[in-house]
Amino acid sequence: MNKRKDFIMTIKLQTADDVRKFVNLVASYDAPIECWEINGHRGVNANSVMYLFTLDFTRRLGIRIHTQDTELENEFYKKLERYEVK
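Quick caveat: nothing in here was measured; it's all calculated off a predicted structure.

Following the criterion strictly, the structure yields eight salt bridges and no others. D17 is paired through a salt bridge with R20; the nearest N and O atoms lie 2.5 Å apart. Highlighted residues: D17 and R20, both in helix α1 (residues 16-27), separated by three residues, approximately one helical turn. Take R20: its relative accessible area is 44%, and that puts it in the partly exposed class. Here E34 makes a salt bridge to R64, at a shortest N to O gap of 3.8 Å. Of this pair, E34 sits in strand β2 (residues 33-37) while R64 sits in strand β4 (residues 61-65), and the two are 30 residues apart along the sequence. Linked through salt bridges whose partners overlap, the residues forming this network are D17, R20 and K21.

By secondary structure assignment, the location of K12 is in the loop between β1 (9-11) and α1. Buried within the structure, K12 lacks any salt-bridge partner; D56 is the closest side chain of opposite charge, at an N-O distance of 7.0 Å.

One pass over the structure, following the stated rule, counts three aromatic pairs. Ring centres of Y29 and F76 lie 5.1 Å apart, and the angle between their planes is 85°; this geometry places the pair in the edge-to-face category. With Y29 in the loop between α1 and β2 and F76 in helix α3 (residues 70-80), this pair connects stretches of sequence that are 47 residues apart. Residue class for Y29 comes out buried when judged on its relative accessible area of 7%. The exposure class of F76 is buried, given its relative accessible area of 0%. Ring geometry for F53 versus F57: centroids 5.7 Å apart, planes at 75°, classification edge-to-face.

Pairing is antiparallel across the open sheet formed by four strands, whose spatial order is β1-β4-β2-β3. Strands with a single pairing partner mark the edges of an open sheet, and in this sheet they are β1 and β3 (43-45). Between one strand axis and the next, the sheet turns through 25° on average, direction left out of account. Sitting on the sheet, α3 is in contact with β1, β2 and β4, with an inclination near 155° to β4.

Let us look at the confidence of the model for the protein. Summary statistics for the protein give a mean pLDDT of 85 and a share of 91% for residues scoring 70 or more. Confidence, expressed as mean pLDDT per element, reaches its minimum in the protein at helix α2 (residues 49-52) with 81 and its maximum at α3 with 95. The low-confidence segment residues 1-5 (pLDDT under 50) makes 13 contacts with residues lying over four places distant or belonging to another chain.

Criteria and cut-off values
Residues numbered from 1 in each chain as written. Predicted model: local features only at pLDDT ≥ 70, side-chain atom pairs only at ≥ 80, totals over all residues. Heavy atoms only, no water. Salt bridge = Lys/Arg side-chain N within 4 Å of Asp/Glu carboxyl O. Helix = DSSP H or I, 4+ residues; strand = E, 2+ residues; numbered from the N terminus. Buried < 20%, exposed > 50% of the residue type's maximum accessible area, 1.4 Å probe, protein only. Lys, Arg positive; Asp, Glu negative; His and termini not counted. Phe/Tyr/Trp six-rings, centres within 6.5 Å; stacked < 30°, edge-to-face > 60°. Pairing = 2+ DSSP bridges. Axes fitted to C-alpha atoms, helices over the stretch in contact; angles between N-to-C directions. Contact = heavy atoms within 4.5 Å. pLDDT = per-residue confidence, 0-100.

Spelled out as structure tokens, the structure:
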């Protein structure tokens with residue numbers, strides 16, 4: 001796991017269940033989280049379910065959590081590993 005503060009993970013949500021689980025996961029964090037379409041122009045506050053659903057989930061998505069808490073950051077990215085695209 002990369003521990004840089006600017007760490008960005010690229011993910012892909014394949015199914016409606018993936019989207020539901022992703023939304024629930026992001027909503028459980030109190031830190032600011034950015035999400036955007038890779039090769040797209042839209043970026044949103046991932047803590048907002050309404051904003052998340054403006055994204056095209058058929059595209060790869062970039063995601064970044066903004067926190068000074070390294071444990072929280074590592075936990076967040078660990079939980080997203082199942083969606084990660086390398």
